[in-house]
Structure formats: structure tokens, C-alpha cells
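Overview (structure and organization)
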Amino acid sequence: MTAQTDTPGSVTAVYKVSGMSCGHCEGAVSGEISELPGVSSVKAVASTGEVTVVSAAPLDDEAVRAAVDEAGFELVAKI
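Residues numbered from 1 in each chain as written. Predicted model: local features only at pLDDT ≥ 70, side-chain atom pairs only at ≥ 80, totals over all residues. Heavy atoms only, no water.

**Here we look at the pattern of salt bridges**
The full count for this structure, using the stated rule, is two salt bridges. Between Lys78 and Asp61 there is a salt bridge, with the nearest N and O atoms lying 3.8 Å from each other. Here Lys78 is found in strand β4 (residues 74-78), whereas its partner Asp61 is found in helix α2 (residues 61-71), with 17 residues between them in sequence. Between Glu62 and Arg65 there is a salt bridge; the shortest N-O distance is 3.6 Å. A residue pair is termed a helical-turn pair when its members lie 3 or 4 positions apart in one helix, as Glu62 and Arg65 do in helix α2 at three residues. (Salt bridge = Lys/Arg side-chain N within 4 Å of Asp/Glu carboxyl O. Helix = DSSP H or I, 4+ residues; strand = E, 2+ residues; numbered from the N terminus.)

Below, the structure is given as C-alpha cells:
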């Protein structure tokens, strides 16, 4: 599992989330993950189940899992 660096000091991670089926789902997942410390952007795509997160430093996978759970979905994997 690798992380891409988009800009100096930022890390991009992609997660696979199951259960998203619409824009409301994308918003719920994005909203919860965006509340994690250091997160600068979140893009969730229901059609692929992929959630791309840009943060100041690598995120704790369990914190991301908890945020996705709070939104009512399941974190399947970090891609």
C-alpha cells in the first residue's frame, strides 16, 4: 500500500467503502472523514466505492474506519 504525495507535506490515500449508492452517501462519508484532524480534502465516489483523502500526514486507518462506520458504511480496504 503506497501513499502519493500531491503537494509538499500532504499525503493522499484511497479507501474502498461498501454500501455507498448515491450523492447523499458520498456526502455522509465525506463529512465524517473530513472531521478527522489534518484532513484537507475528501472525495467519495459512490459508483466505484472509492474515497480519496488528502491529509497533512498519514491517517490512522482505525480512525478512518470509525468515521466510515459513523456514516453508516463499511471500510473494506485501503487501496
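**Some details on α2**
Turning to α2, its buried residues are Val64, Ala67, Val68 and Ala71. Projected onto a plane normal to the axis of α2, the buried residues spread over an arc of 95° and lie on a single side. Tucked into the core, α2 has its buried residues touching β1 (11-18), α1 (23-34) and β4. Gly72, located one to two residues past α2, shows a positive phi value of around 95°. (Buried < 20%, exposed > 50% of the residue type's maximum accessible area, 1.4 Å probe, protein only. Arc of directions from axis to C-beta. Contact = heavy atoms within 4.5 Å.)

**Some points on the side chain of Ser55**
Here Ser55 shows up in strand β3 (residues 50-55). A distance of 2.7 Å separates the side chain of Ser55 from the backbone oxygen of Ala57, its partner in a polar contact. Apart from residues no more than four positions distant in its own chain, Ser55 is found in contact with Gly9, Ser10, Val11, Gly38, Val39 and Ser40. (Polar contact = N/O pair within 3.5 Å; in protein donor to acceptor, adjacent residues only side chain to side chain.)

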